[in-house]
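Commentary on secondary and tertiary structure
Single-letter residue listing:
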Amino acid sequence: TQLLEQSPQFLSIQEGENLTVYCNSSSVFSSLQWYRQEPGEGPVLLVTVVTGGEVKKLKRLTFQFGDARKDSSLHITAAQPGDTGLYLCAGETGSARQLTFGSGTQLTVLP
Amino acid sequence: NAGVTQTPKFQVLKTGQSMTLQCAQDMNHEYMSWYRQDPGMGLRLIHYSVGAGITDQGEVPNGYNVSRSTTEDFPLRLLSAAPSQTSVYFCASSYSRQGAYEQYFGPGTRLTVT
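A brief look at the structure comes next.

So, how was this worked out
Residues numbered from 1 in each chain as written. Chains lettered and ligands numbered in written order. Predicted model: local features only at pLDDT ≥ 70, side-chain atom pairs only at ≥ 80, totals over all residues. Heavy atoms only, no water. Helix = DSSP H or I, 4+ residues; strand = E, 2+ residues; numbered from the N terminus. Buried < 20%, exposed > 50% of the residue type's maximum accessible area, 1.4 Å probe, protein only. Core = buried A, V, L, I, M, F, W, Y, C linked by side-chain atoms within 4.5 Å. Contact = heavy atoms within 4.5 Å. Pairing = 2+ DSSP bridges. Axes fitted to C-alpha atoms, helices over the stretch in contact; angles between N-to-C directions.

This part covers the environment of T70 of chain B. Position of T70 of chain B relative to the elements: it lies in the loop between strand 7 (64-66) and strand 8 (76-78). T70 of chain B sits in the partly exposed class, given a relative accessible area of 27%.

Glancing now at the nonpolar core. All names here are of chain A. Of all hydrophobic cores here, the largest spans 20 residues; its most connected members are L19, L32, W34, L74, I76 and L107. Elements represented by at least two residues in this core include exactly strand 3 (19-24), strand 4 (31-37), strand 5 (44-49), strand 7 (61-65), strand 8 (71-76), strand 9 (85-93) and strand 11 (105-110). With near-sequence residues (within four places) excluded, L32 lies in contact with V47, T48, V49, F65, S72, C89, A90 and G91.

Attention now goes to the sheet that holds strand 8 of chain B. Residue and element names in this part refer to chain B. The four strands lie next to each other as 1-3-8-7, forming an open sheet whose pairing is antiparallel. The open sheet is flanked by strand 1 (4-7) and strand 7, the only strands paired with a single partner. On average, adjacent strands in this sheet sit at an angle of 20 degrees to one another, irrespective of strand direction. Here four bridges tie strand 1 to strand 3 (residues 19-25), and the two strands are oriented antiparallel to one another. Considered in strand 3, the bridge of V4 is made with Q25.

On their own, these measurements won't tell you what the molecule is for.
This is the structure in structure tokens:
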């Protein structure tokens with residue numbers, strides 16, 4: 001079973017601060033996906049990275065896939081209260097393209 | 001499109017009871033999955049299907065059955081509910097895009113087993 005370790009588990013910051021969430025594994029993934037989940041709802045896909053070293057930007061969010069395709073990071077610049085939520089990374093592997101999820105980072109951005 | 005729909009949204013069962021969680025998607029996705037989400041453990045794959053008539057086990061399949069008779073529907077059956085199955089259950093469908101299978105999740109079913 002592939003294991004994805006996500007850190008930190010909880011993060012509480014003030015509006016305007018920057019933050020980085022990490023997702024690490026000893027396994028190689030064919031893709032790495034980041035989801036955001038609001039209370040009482042299902043996760044919603046933010047981005048998919050498939051190439052080692054790939055960097056994708058989504059407004060104030062920057063996602064990076066490690067060169068060896070074993071790790072990823074999510075950086076948020078100038079966080080806003082609307083960024084509050086549970087951020088989940090998920091690695092895709094196997095012939096059936098199964099997803100293995102990290103345990104999540106609960107982000108709270110205080111106004 | 002309604003996307004992925006799940007019913008019921010909430011359910012309380014007594015130990016030993018059986019029930020079926022319903023999941024349907026209208027996006028014509030071949031791949032569907034069931035996950036459970038427990039505090040501090042992220043989402044864990046229960047069962048998945050790569051197409052109608054084809055299902056396989058995920059990480060935590062014990063106590064659950066699935067079938068896939070149509071592309072649209074993928075029900076999850078709890079055979080004899082146990083307190084350890086108290087969780088939030090998510091159904092997802094996916095398709096291949098840019099070299100990866102991106103998942104679309106339903107709103108979830110919150111199940112409590114007493």
